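Here's the letter readout for the chains.
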Amino acid sequence: MNILLTGGAGFIGSHTCVELLNSGYGVVIADDLSNSKIQVIDRIEEITGKRPVFYKIDVSDKPALDVVFKENDIDAVVHFAGYKAVGESCTKPLKYYRNNLDTTLTLLELMEKYDVNSFIFSSSATVYGADAPVPYTEGMQTGGCTNPYGWTKYMIEQILKDASAANEKLSVVLLRYFNPIGAHSSGKIGEDPSGIPNNLLPYITQVASGKLSELGVFGNDYETHDGTGVRDYIHVCDLADGHVLSVKYAAEHKGVQEINLGTGVGYSVLDVVNAFEQANDIKIPYAIKPRRDGDLPEYYADASKALKLLGWSAKRDLKAMCRDSWNWQKNNPNGYEY
Ligand code: WQD
């Protein structure tokens, strides 16, 4: 079977590519490299001994994407391609709606043309919105998103539900990620944000490497066990395993399934700092800063549906996530840039 990964050169896409190749699938990557580097393809080959087919294209470019379907016998699509910076989505909403929705609609039109009927979507816990009680369960009301990025995920889920309702052959799995961190144990692929990292773990690893001087902790006055924000961190390799099982599931079932991919355990910012220091024997200096706009105090997954439906549960703990994040950063102080 051949699996098309849009945005497959990115952080989660590249880790999913490794696990799909290791599981015997053929992989085709379509990526415009706007938020990833071509070196990722070489690293994937170094890890697996296999090289994915690669197309440098804008996934919303229909003639270009048509070539990908024409030249490869695609059996399923995993759609990672999309802009994902929460803050940027607030200052450039049209860029986010245009790109994230257009890539999805172009994909669906070509999947219909080439009779490809399995669609796994990189969704996000952000679709549960600001008022959802924790733990988040898949049957909960979604919407009430707090930024355009989150709304694009919500809208794409709706597009896919309508597309599947109109085409009984189309099988859709909506994977709602929590907070993916960590890296492949080889240290050859990992998270490589451009500029100052927005997310916690890449910021911590750049403090550990000396690139940044100290971590700013965004608020310690939340109603949580230590006042700092609580999230459900999940190892990116566990997330990748969830995608492999979802490809198998989609091939054997019809209709739409929303599935949380989280550990079901929430850790605070200071829990993560402490775990990182212990896992790597490195001190992380930090200072308490004001809360960040849009941040929620606490959320984590009810992960029981993934276990029931896919036989999946997270295997790697927070210490492994912190150890693997640092192993990647230590071996690649400037990311993929040589
Ligand atoms: C985690 C915690 C911060 C940075 C976002 C998106 C989500 C998904 C994952 C794409 C929070 C605190 C962070 C820092 C800090 N993205 N923090 N200092 O905001 O939970 O989720 O990334 O799919 O959709 O919303 O992740 O890593 O930015 O923050 O104190 O320098 O760390 O306040 O409590 P977040 P994050």
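Rules used throughout
Residues numbered from 1 in each chain as written. Predicted model: local features only at pLDDT ≥ 70, side-chain atom pairs only at ≥ 80, totals over all residues. Heavy atoms only, no water. Pairing = 2+ DSSP bridges. Helix = DSSP H or I, 4+ residues; strand = E, 2+ residues; numbered from the N terminus. Axes fitted to C-alpha atoms, helices over the stretch in contact; angles between N-to-C directions. Contact = heavy atoms within 4.5 Å. Near = heavy atom within 4 Å. Polar contact = N/O pair within 3.5 Å; in protein donor to acceptor, adjacent residues only side chain to side chain. Areas by Shrake-Rupley, 256 points an atom, 1.4 Å probe, with all protein chains shown as cover. Nonpolar A, V, L, I, M, F, W, Y, C, P; charged D, E, K, R; others polar. Buried < 20%, exposed > 50% of the residue type's maximum accessible area, 1.4 Å probe, protein only. Core = buried A, V, L, I, M, F, W, Y, C linked by side-chain atoms within 4.5 Å.

Colleague: Looking at this model, I keep getting lost on the sheet that holds strand β4 (residues 76-79). Mind explaining?
Modeller: Strands in a sheet are paired, the pairing made by backbone hydrogen bonds, and the direction either parallel or antiparallel. Strand order across the open sheet formed by 7 strands is β3-β2-β1-β4-β5-β6-β11, with parallel pairing between neighbours. The open sheet terminates on both sides in strands that have one partner only, identified here as β3 (53-55) and β11 (255-261). Taking each pair of neighbouring strands and ignoring which way they run, the sheet shows an average axis angle of 20°. By the bridge criterion, 7 bridges tie strand β6 (residues 171-177) to β11 in an arrangement that is parallel. Looking across to β11, one finds that S171 is bridged to G255. Relative to the sheet, helix α8 (residues 236-252) contacts β1 (2-6), β4, β5 (118-124), β6 and β11, its axis offset from that of β6 by approximately 165°.

Colleague: Help me understand the site of the ligand, please; the structure alone is not making it clear to me.
Modeller: In the vicinity of the ligand lie 18 residues, with Y149, L200, G216, R231 and D295 positioned nearest. One of the side-chain N or O atoms of N199 is found 3.0 Å from an oxygen atom in the ligand. One nitrogen or oxygen atom from the main chain of G216 is found 2.8 Å from a nitrogen atom belonging to the ligand. Here the ligand has 690 Å² of accessible area as a free molecule, and 90% of this is covered by the chains. The element that contributes the greatest number of residues to the shell around the ligand is strand β8 (residues 215-218), accounting for 4 residues. Tallied by class, the residues present in the shell around the ligand amount to 9 nonpolar, 6 polar and 3 charged.

Colleague: What exactly am I supposed to notice about the environment of I57 here?
Modeller: As for its placement among the helices and strands, I57 is situated in the loop between β3 and α3 (62-71). Using a relative accessible area of 12% as the deciding quantity, one classes I57 as buried. Placed 27 residues apart in sequence, I57 and A30 show a C-alpha to C-alpha distance of 6.1 Å. When near neighbours in sequence (up to four residues on either side) are disregarded, I57 contacts A30, D31, D32, A64, L65 and V68.

Colleague: Mind showing me how you'd approach helix α2 (residues 39-48) here?
Modeller: Counting along an α-helix, one turn takes 3.6 residues, and residues three or four places apart therefore face a common direction. Of the positions making up α2, those classed as buried are Q39, V40, I41, R43, I44 and T48. The inward-facing, buried residues of α2 contact α1 (11-22), β2 (26-30), β3 and α11 (318-331). Looking one or two residues beyond α2, the residue adopting positive phi is G49, at roughly 75°.

Colleague: What should I look at first to understand the environment of L307 in this one?
Modeller: Counting through the fold element by element, L307 comes out in helix α10 (residues 304-310). For the pair formed by L307 and D281, sequence separation is 26 residues and the distance between their alpha carbons is 34 Å. Discounting chain neighbours no more than four positions away, the residues touching L307 are W312 and S313.

Colleague: Is there a simple way to explain the nonpolar core in this structure?
Modeller: Among soluble globular proteins, nonpolar side chains are generally buried collectively. Among the nonpolar cores identified, the biggest contains 38 residues, and I3, L5, L20 and L261 are the most heavily contacted of them. Per-element accounting of this core gives the leading share, 7 residues, to α8. For L5, the residues in contact, after removing those within four places along its chain, are G13, C17, L20, V27, V28, I29, A30, V78 and F80. In terms of nonpolar packing, the next biggest core, distinct from the first, is built from 26 residues, V28, L65, M111 and V172 among them.

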